[in-house]
Amino acid sequence: MKAEMILLWSAIVTYTVAGSIAITGVVLRKRPEGTVLALMLFGLALHGASIGLRWERLGHGPFITMFEILSSNIWSLLAMFALVYWRFPAVRPAAAIVLPILFVMMGWLVMQSPRDGHFPPTYKTVWLFIHVGLGKVFLGAVLISVGLGGVVLARASERGAAWFARLPGDRALDELAYRFLALGLIFETLMLVAGAIWAQDAWGRYWAWDPLETWAFLTWLMLVFSLHLRFTLKPAPRVGALLAMGVFCLAFLTFFGVPFISKAPHQGAI
Amino acid sequence: MRIARTLRKPVAGPAKPDFGGAAPAAVASLGRIGSLRLTLWLIALFAIAVAASYQGIAQPTWALAAPLALLAANLAAAVATHPSFRKQSALLVFHLALLAIIGLLAAGRLTYLKGNLELSDGQTFDGVLTERENGPLHRDALERVAFTNLGFSVEYAAGVRRAATVNQVRWRDARGEWRGAEIGDNAPLVIEGYRFYTTFNKGFAPQFGWTARGSTEEQRGTIHLPSYPINQLQQALEWTPPGATRSLWTMLEIGEVLLDPDQRVTLRLPREHTLVIRAAGRRVELRPGESHAFAEGRLRYEGLRMWMGYSVFYDWTIPWLLAACVVAVLALAWHFGAKFLAEPWQGGDAETAT
């Protein structure tokens, strides 16, 4: 366990350095993008090794405790963002928005006990991996939309406009954010379908409006509403940014709030 | 190729209804019902209904059914009137799949069944559920279903945390032949569309023989003590033997620790136990094979068995719902994929904020 924690802390420090450099680069209008990408990848490798060691030790993946769920989501969100950072050089300064969101999650993670959790019998299915994996892609896609929307909102101020002047215009950022929201909709839909298949086998019903299902569905509706509003009313990029943030907030609450305040069977606790 | 070609000239936002040669008034009405702005309001209304049902403010079935029906009407009218759907096949397929899902959900709610039953080891399901809830159009076929609980094992991790449940059953297929199966976590028994699941609900089942006073015929059966280990300190039940008028209060006394919280263990029958029976102010202790004459008959305690609680679920729409969901999500991916591939994002080398 000691090695896991050393690797995890090393990863967190590496991510923090990457984020700090990204923020400094935006403020000083420098382009340390290669360094930020390299640090993110190095952090991901350390973090992945930590998760792998824990997986090997416990015999199950990071699906049970808040510590495990936060850790695995920080990894997957950063992996998604690193991919976008590499593939879309024009929006790299958005790291100054995305990485601080992940800092909050890292702060939350280090306050959690790394205790072992009980792996419920209903979790022993391939649908766990499919459902969780699809959910991670969904949340990652929405996070990237939030990063792009954050740039649009930050540019409302004079200082923000100066910091993010190098990025494409608001319309272009809004269009890219929309594309990631659309990707999010596909993956959230798949996540809900995979979850329903799992629930049918595990609990004898594909849908029961338990707290997690209800909030996940409300997130889906919010996402559908955002995309439909965009098509129908052609809102300003700032409205699009606020909608993306609304979707992310609901998704965040669903992923990290509901499972830990609810005693519903969706946790596999019975 | 056709899709990519049409998407190079995408529909620029909401278009006016286009309904061929139909009567203008009808077209206008349909256009209003299919308004895309109305869709936004209805999605918001549906979200409010979901939240209200979740909070217990509204009765779930109607609170959800009403906005969903309105959404379905809006969606159908939009599909019929908006030219976007005829120009973008994938979008059309996605929305038709959504309509199919809504229809299937409604059909499922009208014909579903869910319920519970309990079977002792060796007991065969006789089609009777202890609890049931079903849609108004459910056609009961449970009398054609037969399966026998052949026994089960439930493992517990340290801390008395339930792990794997494995239940051996035999069941009768459509040709009347008996077949064996192993069910448990994530693995239901499916017969005639009814899906039977093991549950956390299980316990001990003392088996008795009861001979009523003045009769020579012994009736055999089990009673199901409260679920174990949730009620491990309340293993008692008050029951009335067949034909009797006075009840017998029966308690199982277990003289050992069955689920050691410090170890990984499998739930089993106790090696030593006693049944304590109270009737008409008298207290009697029985061990397997012993019997006692009460005022209304003789009770013979045969031994201890276990019972398993099952849940049952029937919904013929499940495979169709899955198919409609797969079609919907594939169409959605096709729509967005074709659209984005046809128009790559221009931000990388176009305008900047400055």
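Residues numbered from 1 in each chain as written. Chains lettered and ligands numbered in written order. Predicted model: local features only at pLDDT ≥ 70, side-chain atom pairs only at ≥ 80, totals over all residues. Heavy atoms only, no water.

J.: Would you explain the overall build of chain A in this entry?
T.: Scanning chain A for helices and strands turns up 10 helices and 0 strands. Helices and strands in chain A line up, N terminus first, as α-α-α-α-α-α-α-α-α-α. Radius of gyration (C-alpha) of chain A: 19 Å, near the 18 Å computed for a compact globule of 270 residues. For chain A, the spread of C-alpha atoms along the principal axes amounts to about 55 × 50 × 25 Å. Among the 270 residues that make up chain A, the fraction classed as buried is 60%. In chain A, the proportion of contacts linking residues at least 24 apart, taken out of those at least 6 apart, comes to 82%. Accessible surface computed for chain A: about 10300 Å², of which carbon and sulfur atoms make up 71%. Averaging the locations of the 21 positively and 13 negatively charged side chains of chain A gives two centres separated by 8 Å. (Helix = DSSP H or I, 4+ residues; strand = E, 2+ residues; numbered from the N terminus. Rg over C-alpha atoms; globule rule 2.2 N^0.38 Å. Buried < 20%, exposed > 50% of the residue type's maximum accessible area, 1.4 Å probe, protein only. Contact = heavy atoms within 4.5 Å. Areas by Shrake-Rupley, 256 points an atom, 1.4 Å probe, with all protein chains shown as cover. Lys, Arg positive; Asp, Glu negative; His and termini not counted. Charge placed at Lys NZ, Arg CZ, Asp CG, Glu CD.)

J.: Would you mind showing me how to read the pairing of strand β1 (residues 113–120) of chain B here?
T.: On a regular strand, one side chain projects to one face of the sheet and the next to the other, so that they alternate. All names here are of chain B. Here β1 pairs with strand β15 (residues 297–314) via 8 bridges, running antiparallel. By the bridge assignment for β15, leucine 119 is matched with methionine 308. In this sheet, strand β2 (residues 131–134) lies alongside β1 in antiparallel orientation, the contact comprising 4 bridges. Across the sheet, residue glycine 115 finds its bridge partner in β2, namely arginine 132. (Pairing = 2+ DSSP bridges.)

J.: Explain the interface of chain A and chain B here, please?
T.: By convention, interface size is frequently given as the accessible area that disappears when the constituent parts associate. Contact with chain A, which involves 52 residues of that partner, is made by 49 residues of chain B. Taking both partners together, chain A and chain B bury about 4300 Å²; carbon and sulfur atoms supply 73% of that area. Its salt-bridge partner being A:Asp201, residue B:Arg195 comes within 3.4 Å of it at the nearest N-O pair. On inspection of chain A and its partner chain B, the count reaches 8 residue pairs in polar contact (both at pLDDT 80 or more). Counting only elements with at least two residues in the side of chain A that touches chain B, the list comes to α7 (170–203) and α8 (211–233) of chain A. Residue contributions to the side of chain A that touches chain B peak at 17 residues, all from α7(A). When grouped by side-chain class, the residues that make up the side of chain A that touches chain B number 33 nonpolar, 11 polar and 8 charged. (Buried area = accessible area lost by both parts, 1.4 Å probe. Salt bridge = Lys/Arg side-chain N within 4 Å of Asp/Glu carboxyl O. Polar contact = N/O pair within 3.5 Å; in protein donor to acceptor, adjacent residues only side chain to side chain. Nonpolar A, V, L, I, M, F, W, Y, C, P; charged D, E, K, R; others polar.)

J.: Sorry if this is basic, but what is going on with helix α6 (residues 89–111) of chain B here?
T.: Residues lying three or four places apart along an α-helix face the same way, a consequence of the helix completing one turn every 3.6 residues. All names here are of chain B. If you check α6, its first and last C-alpha atoms are 32 Å apart, about what 23 residues at 1.5 Å a residue would give, namely 33 Å. Among all positions of α6, only Ala90, Leu91, Phe94, His95, Ala97, Ile101, Ile102, Leu104, Gly108 and Thr111 are buried. Summarising the contacts, the buried residues of α6 are in contact with α4 (60–81), α5 (83–87), β1, β15 and α7 (318–342). (Expected span 1.5 Å × (residues − 1).)

J.: Can you walk me through the nonpolar core in this structure?
T.: It is characteristic of soluble globular proteins that their nonpolar side chains tend to be buried jointly. Ranked by internal contacts, the top residues of the largest apolar core, which has 106 residues, are A:Met40, A:Leu78, A:Leu102, A:Leu148, A:Leu221 and B:Phe336. Element by element, the count of residues in this core is highest for α7(A), at 14 residues. Ignoring sequence-local partners within four residues, the contact set of A:Leu148 consists of A:Val91, A:Ala94, A:Leu173, A:Leu176, A:Ala177 and A:Phe180. Among the nonpolar cores identified, the runner-up in size contains 47 residues, and B:Leu252, B:Leu258, B:Val284 and B:Met306 belong to it. (Core = buried A, V, L, I, M, F, W, Y, C linked by side-chain atoms within 4.5 Å.)

J.: Looking at this model, I keep getting lost on the sheet that holds strand β9 (residues 236–239) of chain B. Mind explaining?
T.: The strands making up a sheet are joined through hydrogen bonds of the backbone, oriented either antiparallel or parallel. All names here are of chain B. Spatially, the 4 strands line up as an open sheet ordered β9-β10-β12-β13, and their pairing is antiparallel. The open sheet has two free edges, formed respectively by β9 and β13 (282–286), since each of these has just one partner strand. Averaged over all pairs of adjacent strands, the angle between their axes in this sheet comes to 20°, without regard to strand direction. Pairing of strand β12 (residues 273–279) with β13, which is carried by 5 bridges, proceeds in the antiparallel orientation. Of the residues in β13, the one forming a bridge with alanine 279 is arginine 282. (Axes fitted to C-alpha atoms, helices over the stretch in contact; angles between N-to-C directions.)

J.: What should I look at first to understand the sheet that holds strand β5 (residues 178–184) of chain B in this one?
T.: All names here are of chain B. The sheet built from 4 strands is open, its strands ordered β5-β4-β3-β11 with antiparallel pairing. Edge strands, defined here as strands with exactly one partner in the open sheet, are β5 and β11 (265–266). In this structure, strand β3 (residues 147–157) lies alongside β11, joined through 2 bridges in antiparallel fashion. Residue glutamate 155 lies in a different strand from β11, and its bridge partner there is threonine 266.

J.: Would you mind going over the environment of B:Pro60 with me for this structure?
T.: In this structure, B:Pro60 sits in helix α4. Taking the C-alpha atoms as reference, B:Pro60 lies 7.9 Å from B:Val50; in sequence the two are 10 residues apart.

J.: Can you walk me through the packing of helix α1 (residues 2–28) of chain A against helix α3 (residues 66–87) of chain A in this structure?
T.: Any two packed helices are characterised by the angle at which their axes cross and by the distance between the axes. Residue and element names in this part refer to chain A. The interhelical angle for the contact between α1 and α3, taken along N-to-C directions, is 45°, at an axis separation of 13 Å. With respect to their mutual orientation, α1 and α3 come out oblique. Handedness of the α1/α3 crossing: left-handed. Between α1 and α3, the contacting residues are Met5, Leu8 and Tyr15 on the first element and Phe67, Ser71, Ile74, Trp75 and Leu78 on the second. Within the contact of α1 with α3, the residues separate by chemical class into 7 nonpolar, 1 polar and no charged. (Parallel < 35°, antiparallel > 145°, perpendicular 65-115°, else oblique. Left-handed = near helix turned anticlockwise from the far one by under 90°.)

J.: In this structure, what is going on with the confidence of the model for chain B? I would like to understand it.
T.: Note that predicted coordinates carrying low pLDDT should not be read in detail. All names here are of chain B. Looking at chain B, the pLDDT average stands at 90 and 92% of residues meet or exceed 70. For the stretch residues 1–14, pLDDT sits under 50, and the model shows 21 contacts to residues farther than four places along the chain or on other chains. Two summary scores accompany this predicted model of the complex, namely pTM at 0.89 and ipTM at 0.90. (pLDDT = per-residue confidence, 0-100.)

J.: What am I meant to see in the pattern of salt bridges here?
T.: Opposite charge on two side chains permits them to pair, given that their charged atoms come into close proximity. Residue and element names in this part refer to chain A. Counted according to the given criterion, the structure contains 29 salt bridges over all chains. Linking glutamate 213 and arginine 205 is a salt bridge whose minimum nitrogen-to-oxygen distance equals 2.9 Å. Through salt bridges that share partners, Glu4, Arg54, Arg57, Glu68 and Asp116 make up one connected network.

J.: For this particular structure, what's the right way to read the packing of aromatic side chains?
T.: Each aromatic ring pair is characterised by the separation of its centres together with the angle its planes make. For the structure on display, the rule yields 33 aromatic pairs over all chains. With 6.0 Å between their ring centres and 15° between their planes, A:Trp55 and A:Phe129 make a pair best called stacked. Residue A:Trp55 is located in helix α2 (residues 33–58), and its partner A:Phe129 is located in helix α5 (residues 126–154); the two are separated by 74 residues in the primary sequence. On the basis of relative accessible area, A:Phe129 is assigned to the partly exposed category, the value being 42%. An angle of 35° between the planes, with centres 6.2 Å apart, marks the rings of A:Trp108 and A:Phe252 as tilted. Taken together, the positions of A:Trp108 in helix α4 (residues 95–110) and A:Phe252 in helix α9 (residues 237–256) put the pair 144 residues apart, joining distant regions of the chain. The cationic tip of A:Arg87 hangs over the ring face of A:Trp86; the distance from NZ or CZ to the ring centre is 5.6 Å. Over the face of the ring belonging to B:Trp178 we find B:Arg170, whose NZ or CZ atom lies 4.2 Å from the ring centre. (Phe/Tyr/Trp six-rings, centres within 6.5 Å; stacked < 30°, edge-to-face > 60°. Lys NZ or Arg CZ within 6 Å of the ring centre and 35° of its normal.)

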